[in-house]
Amino acid sequence: AGYFPETHDPAVFAQALRAIGEPLMDKTAEDISMGRLLTQLFQVTEQFDLYYWEIQKLARHYATNIEKEYRESEERFQRLIETNFEGVAISENNLLIDANQLFLKMFGYEFSEAFGMPVTAFVFGADLGIVEKHIKENYERPYAVRGVRKDGTVFTLEVRGRTIPFHGSMARVI
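Residues numbered from 1 in each chain as written. Predicted model: local features only at pLDDT ≥ 70, side-chain atom pairs only at ≥ 80, totals over all residues. Heavy atoms only, no water.

1. What to know about the overall build of the chain
Short version of the rule: A run of H or I in DSSP counts as a helix once it spans at least four residues, and a run of E counts as a strand once it spans at least two, with each numbered from the N terminus. Exposed residues in this analysis have more than 50% of their type's maximum accessible area, buried residues have under 20%, and partly exposed residues fall in between, with area computed by a 1.4 Å probe over protein chains only. Here, residues are in contact when the closest pair of their heavy atoms is within 4.5 Å. All accessible areas in this document rest on Shrake-Rupley with a 1.4 Å probe, and a residue is counted as covered only by the protein chains that are shown.
When helices and strands are tallied, the chain shows six helices and six strands. Secondary structure elements of the chain, listed N to C terminal, follow the sequence α-α-α-β-β-α-α-α-β-β-β-β. The 174 residues of the chain split such that 26% are buried. Restricting to contacts in the chain with at least 6 residues of sequence separation, those with at least 24 account for 39%. Accessible area of the chain: about 12300 Å², with a carbon and sulfur share of 57%.

2. Re the nonpolar core
The condition that has to hold: As used in this record, nonpolar core signifies buried Ala, Val, Leu, Ile, Met, Phe, Trp, Tyr and Cys residues forming a set joined through side-chain atoms within 4.5 Å.
Within the largest apolar cluster, 17 residues are counted, with the highest numbers of intra-cluster contacts made by Leu-96, Phe-103, Phe-107, Tyr-109, Ala-114 and Phe-122. Of all elements in the fold, only β2 (95–99), α4 (101–107), β3 (143–148) and β4 (154–159) reach the threshold of two or more residues within this core. The residues touching Leu-96, leaving out its near neighbours within four places in the chain, are Ala-89, Ile-90, Ser-91, Phe-103, Phe-111, Ala-114, Phe-115, Gly-116, Met-117, Val-119 and Phe-122.

3. Topic: the environment of Ile-174
Note that Ile-174 resides in the segment after β6 (169–173). Classification of Ile-174 as partly exposed rests on a relative accessible area of 27%. Expressed as a C-alpha distance, the spacing of Ile-174 and Ile-90, which sit 84 residues apart in the sequence, is 6.3 Å. Each residue touching Ile-174, except ones within four places of it in the same chain, is listed here: Gly-87, Val-88, Ala-89, Val-119, Arg-160 and Gly-161.

As structure tokens, this is what we get:
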């Protein structure tokens, strides 16, 4: 069922196992040297490349599953972001790397325009100090600041940020 390397003859493997197992048939556990038995089994495992083959097989299996789980996690994350009733953006090193449609609409940008912008570009100048302080301190409670739309319109918004692991580094969700 796929558990034996194709490079070896299963009949020879079965013979090697019988050579280990048959002498033990009428013996009790007390009569068997477990150290010797394990040594023999490890020798057969090595002789038939089962250890290395199984490691490769398990590595392929887990790599495939990890990739699948990662894709599913990304899809769930995107659904959560897009179905949120609030504007959500993610920044890395103070640059916008992702945002949901509500955030983009609120500020009047297309994603291609907003991507890579400093998050402080969305903040009214007089409120920059507050935002920069909260980013630096990883402040997570809600606070009010004024935002600036693409057309220059200033509006009040409530902001709440959190630093999270994201694609192998730390990012800030706002």
